Amino acid sequence: MREFTIGKNDAGQRLDRFVAKNLPLLPPALLQKYIRLKRIKVNGKGSKRDVRLETGDILQLYINDEFFDKPNEENLFLTVFKPQLNIVYEDENLLLVDKRPGMSVHADETEKVNTLINHIQAYLYQKREWNPKWENAFAPALCNRIDRNTGGIVIAAKNAETLRIINEKIRAHELEKSYLCITVGRPKQPEGKIEGFLLKNEAKKEVRFFHKPVPGGKTAVTLYRTLESRGGLSLVECRLLTGRTHQIRVSMSEIGCPLLGDGKYGKGDVNRRYHETRQALYSYKLRFDFPTDAGLLNYLKGQEFTVENVPFREKYARQNWAFSLTFQGFSAMILNCRISKKQGPPLTERRGGIFQAPTGKRVGNGLMKWGRIHVQRVDSPAGSLHGIRRRAGSRSH
């Protein structure tokens, strides 16, 4: 318990605002909860959050000591009230977390609080599995990193021995990490190996690919396999034999198939057409091979963990591919279209990837119907599908 005596310079402030200013690590939602639970008292009694403090009031705070510390990178996790984690697997030694695209793994110049490591540490702290006051030096740590705009599995160690073992296994290539991505174009060879040397430009935060060794360059080896190709896009699985910054993004761009949505190494016009601002890349599968002894983690040998819900796989790789559709004398490129076949006349492909559908009519809210072929309303370069104007000599739709 800590006490504050209100001086004349603090008089007149609301209770909740005074506490928030003096305890910046205390999450606002937790502050309001403590006031309701009367763990924050004024002159020995519970109080309302909007009460005005007066000179000489004694404020009593029944709050954990760590919330009184000054903010720094090591204790910012305390400001996370409700950790947002998609946990793939957890045991007493580690966590496998599916990081969402857009979240940084560690603090950087653009984000200090809402990072993956802060959410993980807040989660373990609130579960009472870890408290910095119990440790001399160790804090839960990440064993691997992925880019802010890339999603997928990140390994977090709950203890120092797990951190040491996983780091050793990563260096020894005893963990197999697989990625899914959407590429613009189809690789000439459906599967293969991309080998080269990557040189990072720290000032520009870019990486260049070289086919021959260069000073400062690091070896990069990527295996890829094309799973499906339609409408100018391909679903590709990549496996890293080395772990370099932007390795998949640069390597796929080097063979002429940059990632959809990649603003640094991709095609801006295609990205804009699909309204994608983040690279379509996901670390979706992790396998613990462990051909050598793994100490207290031997129980993980041979285990494989997969993220089932990869957002762009549903969006592009199964039914929502871009394609051209010809109907009633009008041809247009339709983007992100969901199509499903029912019993009845098939959707027949013509040359150049153009599809011919039977004559039909508009039905329902933004739904087009040709015979028993259903196409959901989407945006196209000519406007929404059911809003396309008729040409001379053709019927309106």
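Residues numbered from 1 in each chain as written. Predicted model: local features only at pLDDT ≥ 70, side-chain atom pairs only at ≥ 80, totals over all residues. Heavy atoms only, no water.

Draft legend 1. Structural view of the overall build of the chain. The secondary structure content of the chain amounts to 7 helices and 25 strands. Put simply, the chain has 397 residues, and 45% of those count as buried. At a minimum sequence separation of 6, the contacts of the chain that also span at least 24 residues come to 61%. For the chain, the accessible surface area stands at approximately 21,200 Å², while carbon and sulfur atoms represent 46% of it. (Helix = DSSP H or I, 4+ residues; strand = E, 2+ residues; numbered from the N terminus. Buried < 20%, exposed > 50% of the residue type's maximum accessible area, 1.4 Å probe, protein only. Contact = heavy atoms within 4.5 Å. Areas by Shrake-Rupley, 256 points an atom, 1.4 Å probe, with all protein chains shown as cover.)

Draft legend 2. Here's a closer look at the side chain of Gln279. Relative to the helices and strands, Gln279 is located in the loop between helix 6 (268-273) and strand 14 (281-288). Polar side-chain contacts of Gln279 include one of 3.1 Å to the side chain of Thr150. Sequence-distant contacts of Gln279, that is, excluding residues within four places in its chain, are made with Asp147, Asn149, Thr150, Arg249, Leu259, Leu260, Gly261 and Asp262. (Polar contact = N/O pair within 3.5 Å; in protein donor to acceptor, adjacent residues only side chain to side chain.)

Draft legend 3. Representation of helix 4 (residues 160-171) in the model. Taking 1.5 Å per residue, 12 residues should reach 16 Å; helix 4 reaches 17 Å between its end C-alpha atoms and fits that length. For helix 4, the set of buried residues is Thr162, Ile165, Ile166 and Lys169. Projection of helix 4 onto a plane perpendicular to its axis shows the buried side chains occupying an angular sector of 95°, all on one side. On its buried face, helix 4 sits against strand 6 (94-99), strand 8 (151-157), strand 9 (175-184) and strand 14. After helix 4 finishes, the residue His173 shows a positive phi value of roughly 60°. (Expected span 1.5 Å × (residues − 1). Arc of directions from axis to C-beta.)

Draft legend 4. The arrangement of the confidence of the model for the chain in detail. Averaged over the chain, the pLDDT score is 81; the fraction of residues at 70 or greater is 80%. Counted against residues more than four places away or in other chains, residues 317-397, with its pLDDT under 50, gives 156 contacts. (pLDDT = per-residue confidence, 0-100.)

Draft legend 5. Geometry of helix 1 (residues 15-22). Listed in full, the buried residues belonging to helix 1 are Leu15, Asp16, Phe18 and Val19. Looking straight down helix 1, one finds its buried side chains confined to an arc of 160°; they lie on one side. With respect to the buried face of helix 1, the exposed residues turned more than 90 degrees away are Arg17 and Lys21. Here the buried face of helix 1 lies against strand 1 (2-5), helix 2 (28-36), strand 2 (40-42) and strand 4 (58-61).

Draft legend 6. Examining the packing of aromatic side chains more closely. In total, this model carries 7 aromatic pairs according to the counting rule given. Here the aromatic rings of Phe4 and Phe18 are separated by 6.0 Å at their centres, their planes lie at 85°, and the arrangement is edge-to-face. Of this pair, Phe4 sits in strand 1 while Phe18 sits in helix 1, and the two are 14 residues apart along the sequence. Ring centres of Phe288 and Phe290 lie 5.5 Å apart, and the angle between their planes is 55°; on these two criteria the pair is classed as tilted. Take Phe288 and Phe290: they sit in the same class, and that class is buried. Taken together, the ring pairs connect Tyr89, Phe288, Phe290 and Phe305 into an aromatic cluster. We note Arg2 situated over the ring of Phe68; from NZ or CZ to the ring centre the distance is 4.4 Å. For Arg39, the ring lying beneath its charged end belongs to Tyr34, and the centroid distance is 4.2 Å. (Phe/Tyr/Trp six-rings, centres within 6.5 Å; stacked < 30°, edge-to-face > 60°. Lys NZ or Arg CZ within 6 Å of the ring centre and 35° of its normal.)

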